[in-house]
Structure formats: structure tokens, C-alpha cells
Amino acid sequence: MSEKRIDLLSLDTNELTGLLTRWNEPVYRVKQMENWLYHELVDDFDAMSNLPLPLRARLQEQTTIGTLKSVAVRDSADGLTHKALFQMSDGQTVETVLMRYLDAPGSPQDTADPPAIARRTVCISTQVGCPVGCPFCETGQAGFVRNLTLGEIVGQVLFFARAQKRAGYATPLTNIVIMGMGEPFMKFNVTWRAIKAFTDPARFGMGARRITVSTSGYTEGIYALIEKGSQVNLAVSLHAPDDALRDRLVPVNRKHPLRELIKACRDYVRATHRRVTFEYALMDGINDSPAQASAVAQLLSGLLCHVNLIPLNPTSESPYQRTPMARVQEFERVLRASNIPTTLRVEKGIEIAAGCGQLRQQVNKQRISELQLAL
Ligand code: SAH
Ligand code: SF4
């Protein structure tokens, strides 16, 4: 009857308190359980040694610690990047990436044993597929299935946090980027509950500035972040300097055109004094001319921001190709000459995260061919 069980990772502190209160447990059990789940990172009720046996048995019977099953893992050749594909209770799959960096100024250093890998960033998904449907994006092309639950979002982080803890890191993860599959602001409330779990000292306890959320341009989500007084980093997927092109590349633009999006970003900067990152994936002959670079500079002029140029990661069905490096550098030069702070691929995270959805597609295709063989 696993489908009737309560996923503990889907409960915030109030809801967990409510559950334990209904079970007539003293309120200090909440702290004990949060400590086991989010600090000790256990995945087994037997390990919760300070909980009475009857409570452990009841938890075992009526609840689960997450619902994700890892069904495929891929490691990069340098051993620093790991992708996991998870299957959820309804059989749907979702992808998560761990990116590790050998050096990152300003990051907390662990001791040399385990190896001193300064930054360990997990890139998480918020939806199965994505309804925005950007034509260059593997996830967008796969179509939309459903939103993830809080427990399914938090479970992705826990999987890699446990692995890094087992590897010996006292601080298992240093950063979280909400840049995997899906549009995180479509269900702002769930994304916000996840951010709260990541920052709450009783849970993951991560500084808000170590968390980045990326949107394709859901302005209502930007205003909701302002209202929350949040200090998380905001990234906006720009990819085009005019509405005609952006309507095609990032179709949510038809609902929230550039004027509205940039105004929301200006309001965000005014309210939070935080810089906005604009992601711009360069596509050969589509959005990469010097004139388009000037148009980006004009659009963003006077805005506290930073542009991150990403050479496109061509997907299996994508009609677009990556811009050659010489033209990427020319684009960067034009932006810099207009005083727009610009980086190229420095955020390896975004580049690799862009591959999010590709493992899922590969595995799905493999399954389909296996099925065809079986028939
Ligand atoms: N849906 C959100 C967050 C997830 S996508 C958003 O679009 O912002 C994370 C980033 O990867 C976005 O900037 C997205 O535009 C970019 N991306 C998607 N597919 C890509 C590809 N094939 N090559 C390069 N960047 C890509
Ligand atoms: Fe969705 Fe982002 Fe992909 Fe666009 S780029 S389809 S918004 S996941």
C-alpha cells in the first residue's frame, strides 16, 4: 500500500509537527526527526536511534523517506560530474546533476581527505517535461507531464547529499541550482517550499545566496520572490533581444513579452539590490550577430546584471547549432564594450545543466527500442 504512505520529505516543519501531534508524540520529536532526515541524512527508520521503537514501527508502516528510485547514473570522464535519472512512484522519470569544481574562490574548503573539491553543486528539476516548449531544449521538446511534489524535489538533493557525505565531506553540498527539467515558477509555491527546506537551519541550512533559481520569464514568480524578501540568486533565460525572436525561442514570451520581463527584473533589482543573471544560449545564425549583441546591451542598459553566454548544447531533435567560438567571442566583446558584465561558460553548471533531460531521453529511447524488440 505504498501509494497510501505519507512522504515525509513532502512535509514542511508545520506539517510534520501536525502529523506527530496527531500521533500524540511530544513536539521535540520534530527536531529529532529533522535532524535524522536532513543533517544525518539517513534513509532508514532503524537508524533513528533516539526514537522509541513503536514510533519507528509506525513510521515504517505509514510513511516513506522520499519516493525516488535511481534507475540510471552517468559519470563524466573527469569524474567530477554525475547525472542521475530517478523513477517516481507513478513510473515517471526525472533527472538531476551533481557538478563538482576543483577550485572556486570564496567557497568553504573541506580538508584534503577527501579530495579538496571546493564546490559541489546539485542541479535539480521541478517538473517532468516542461510546458514552455523552447525548441532548443531537450526537456521542452519532450512535452509536459506533471509538476514534481516537494518530496520529489527535496529527494533529488538528498540523494547527492548522502553520496557526498559518504565520500567524507563534512558539508556535503555547497550550492543548489534550480535549473534542471521544468519551469520552477509555474508552481511557485512548491519551489518556494523547497527553497525554505534548503535554507532552514533545521533542514539543509544553506545560505540563500548559494541557491539559484532560473526562470524562462514567469514574471509572477519574480514578483513573488520580491514579496518573500528572498536573497536567492535569480537567473533569467533571455536568449533573444527582441519579441519576434523570443516568441519563437522561449514561447512564454508571448504571454510575458520582453518589456514586461525586463521591468520585472528592474523592479527585482530595486527591491532586493541583487544582481540578475541573464542566460543567453548562442545559436548559430539565430541570435548571435553583433547587432543582436548591441540590442541585448541596449535592453539591459542601466540594470544591475550579468550576462552568461552559453554556447548551445545541440539536442537530438534541435534545429539549432552551436555558434562558432570566434563569433561567441565577438558577441562577448560587444557586450563588454557596452559595460555589460559578461562571462562565457564560467558557470559550467548552466552549460552542463542544459544537458538536463538528455539522459531521460536516452533512457526512454532505449526502453522504446527494448520494447520494440520484445514485441
Ligand atoms: N526552465 C528554466 C530552468 C531550466 S533550463 C529556464 O528555462 O530558465 C536551464 C537553462 O538551460 C536555461 O537557461 C535554458 O534556456 C538552458 N538550456 C536549455 N536547453 C539548452 C541547450 N540545449 N543548450 C544550452 N542551454 C540550454
Ligand atoms: Fe522549459 Fe527551461 Fe527547457 Fe524552456 S529551457 S523548455 S523553460 S526547461
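Here is what the cut-offs are and how they apply
Residues numbered from 1 in each chain as written. Chains lettered and ligands numbered in written order. Predicted model: local features only at pLDDT ≥ 70, side-chain atom pairs only at ≥ 80, totals over all residues. Heavy atoms only, no water. Helix = DSSP H or I, 4+ residues; strand = E, 2+ residues; numbered from the N terminus. Buried < 20%, exposed > 50% of the residue type's maximum accessible area, 1.4 Å probe, protein only. Contact = heavy atoms within 4.5 Å. Axes fitted to C-alpha atoms, helices over the stretch in contact; angles between N-to-C directions. Left-handed = near helix turned anticlockwise from the far one by under 90°. Nonpolar A, V, L, I, M, F, W, Y, C, P; charged D, E, K, R; others polar. Salt bridge = Lys/Arg side-chain N within 4 Å of Asp/Glu carboxyl O. Parallel < 35°, antiparallel > 145°, perpendicular 65-115°, else oblique. Near = heavy atom within 4 Å. pLDDT = per-residue confidence, 0-100. Pairing = 2+ DSSP bridges. Polar contact = N/O pair within 3.5 Å; in protein donor to acceptor, adjacent residues only side chain to side chain. Areas by Shrake-Rupley, 256 points an atom, 1.4 Å probe, with all protein chains shown as cover. Core = buried A, V, L, I, M, F, W, Y, C linked by side-chain atoms within 4.5 Å. Domains from an automatic or database assignment.

A.B. asks: How should the overall build of the protein be read in this particular structure?
C.D. replies: Secondary structure assignment for the protein yields 13 helices and 14 strands. Within the protein, the proportion of its 375 residues that are buried is 56%. If you take every contact in the protein between residues at least 6 apart in sequence, the share linking residues at least 24 apart comes to 66%.

A.B. asks: Just to check I follow, could you spell out the packing of helix H10 (residues 290–300) against helix H11 (residues 325–337) for this structure?
C.D. replies: Any two packed helices are characterised by how steeply their axes cross, that is the angle between the axes, and by the distance between the axes. Close contact between H10 and H11 brings their axes to 9 Å; oriented N to C, the two are set at 35°. Regarding H10 and H11, the two cross each other, and that crossing is right-handed. Residues Pro-290, Gln-292, Ala-293, Ser-294, Val-296 and Ala-297 of H10 touch H11, and the partners they reach there are Glu-330, Phe-331, Val-334 and Leu-335. Looking at the contact of H10 with H11 residue by residue, the classes come out as seven nonpolar, two polar and one charged.

A.B. asks: How should the pattern of salt bridges be read in this particular structure?
C.D. replies: Side chains carrying opposite charge are able to pair once their charged atoms draw close together. For the coordinates displayed, the defined rule picks out 14 salt bridges. For the salt bridge of Arg-29 with Glu-25, the shortest nitrogen-to-oxygen distance reads 3.2 Å. In this structure Arg-29 comes out as buried when scored by relative accessible area, which is 10%.

A.B. asks: Where do I start with the packing of helix H7 (residues 219–228) against helix H9 (residues 258–272) in this structure?
C.D. replies: Close contact between H7 and H9 brings their axes to 9 Å; oriented N to C, the two are set at 10°. By the angle between their axes, H7 is roughly parallel relative to H9. Judged by residue contacts, Thr-219, Ile-222, Tyr-223, Leu-225 and Ile-226 of H7 engage Glu-260, Leu-261, Lys-263, Ala-264, Cys-265, Asp-267, Tyr-268 and Ala-271 from H9.

A.B. asks: Which parts of the structure should I look at to understand the site of ligand 2?
C.D. replies: Contacts to ligand 2 come from Cys-130, Val-132, Gly-133, Cys-134, Cys-137, Gly-140, Gly-182 and Ser-216. The class makeup of the residues in the shell around ligand 2 is four nonpolar, four polar and no charged.

A.B. asks: Would you explain the confidence of the model for the protein in this entry?
C.D. replies: Keep in mind that low pLDDT regions are not for reading the predicted coordinates in detail. Here the protein averages 90 in pLDDT, while 87% of its residues score no lower than 70. Note on residues 368–375: pLDDT under 50 across the span, and zero contacts to partners over four residues away in sequence or across chains.

A.B. asks: What am I meant to see in the sheet that holds strand E13 (residues 305–311) here?
C.D. replies: Strands in a sheet are paired, the pairing made by backbone hydrogen bonds, and the direction either parallel or antiparallel. Judged by pairing direction, the sheet is mixed, and its 10 strands sit side by side in the order E3-E4-E5-E6-E9-E10-E11-E12-E13-E14 without closing on themselves. Two strands bound the open sheet, and with one partner strand each, they are strand E3 (69–75) and strand E14 (342–344). With direction set aside, neighbouring strand axes in the sheet form an average angle of 20°. Summarising the sheet, strand E5 (residues 93–101) and strand E6 (residues 119–123) pair through five bridges and their orientation is antiparallel. The residue bridging Val-97 from the neighbouring strand is Cys-123, located in E6. H9 contacts strand E11 (233–237) and strand E12 (276–282) of the sheet and is inclined by roughly 145° relative to E12.

A.B. asks: What's the story with the environment of Gln-62 in this structure? I'm lost.
C.D. replies: Relative to the helices and strands, Gln-62 is located in helix H3 (residues 53–62). For Gln-62, a relative accessible area of 29% corresponds to the partly exposed category. Each C-alpha atom, one on Gln-62 and one on Lys-4, is 7.7 Å from the other, the two residues being 58 residues apart in sequence. If sequence neighbours within four positions are ignored, Gln-62 has contacts with Arg-5, Ile-6 and Trp-23.

A.B. asks: Just to check I follow, could you spell out the site of ligand 1 for this structure?
C.D. replies: The local shell around ligand 1 holds 17 residues, among which Ser-214, Ser-237, His-239, Glu-279 and Asn-313 are the closest. For ligand 1, a nitrogen atom lies 3.0 Å from a polar atom in the backbone of Phe-136. When the free accessible area of ligand 1 is taken as 530 Å², the share hidden by the protein chains comes to 95%. Residue assignment for the shell around ligand 1 shows that the elements contributing at least two residues are strand E10 (211–215) and E12.

A.B. asks: Please explain the nonpolar core as it appears in this structure.
C.D. replies: Side chains of nonpolar character tend, in soluble globular proteins, to be buried together. Ranked by size, the top nonpolar core spans 97 residues in total, and within it Leu-8, Phe-198, Phe-278 and Leu-300 carry the most contacts. Both domains that furnish three or more residues to this core are identified here as domain 1 (2–64) and domain 2 (69–371). Grouped together as the second largest cluster of nonpolar side chains are seven residues, Val-97, Met-99, Tyr-101 and Ala-235 included.

A.B. asks: Looking at this structure, I do not really get unusual backbone geometry. What am I missing?
C.D. replies: Where the residue is not glycine, phi is negative for most of them; where a peptide bond is considered, it is trans in most cases. The backbone of Leu-41 shows a phi angle near 60°, a positive value even though the residue is not glycine. Examined against the element boundaries, Leu-41 turns out to sit in the loop between helix H2 (28–39) and H3. By relative accessible area, Leu-41 is classed as buried at 7%. Not every positive phi belongs to a glycine, and Asn-339 is a case in point at roughly 65°. Following the sequence through the fold, Asn-339 ends up in the loop between H11 and E14.

A.B. asks: In this structure, what is going on with H7? I would like to understand it.
C.D. replies: Along an α-helix, residues three or four positions apart point the same way, because every turn accommodates 3.6 residues. If you check which residues of H7 are buried, you get Thr-219, Gly-221, Ile-222, Ala-224 and Leu-225. Tucked inside the fold, the buried residues of H7 contact helix H6 (188–199), E10, E11 and H9.

A.B. asks: Is there a simple way to explain the side chain of Glu-152 in this structure?
C.D. replies: Mapped onto the fold, Glu-152 is located in helix H5 (residues 150–166). Classification of Glu-152 as buried rests on a relative accessible area of 4%. A distance of 3.0 Å separates polar atoms of two side chains, one belonging to Glu-152 and the other to Arg-146.

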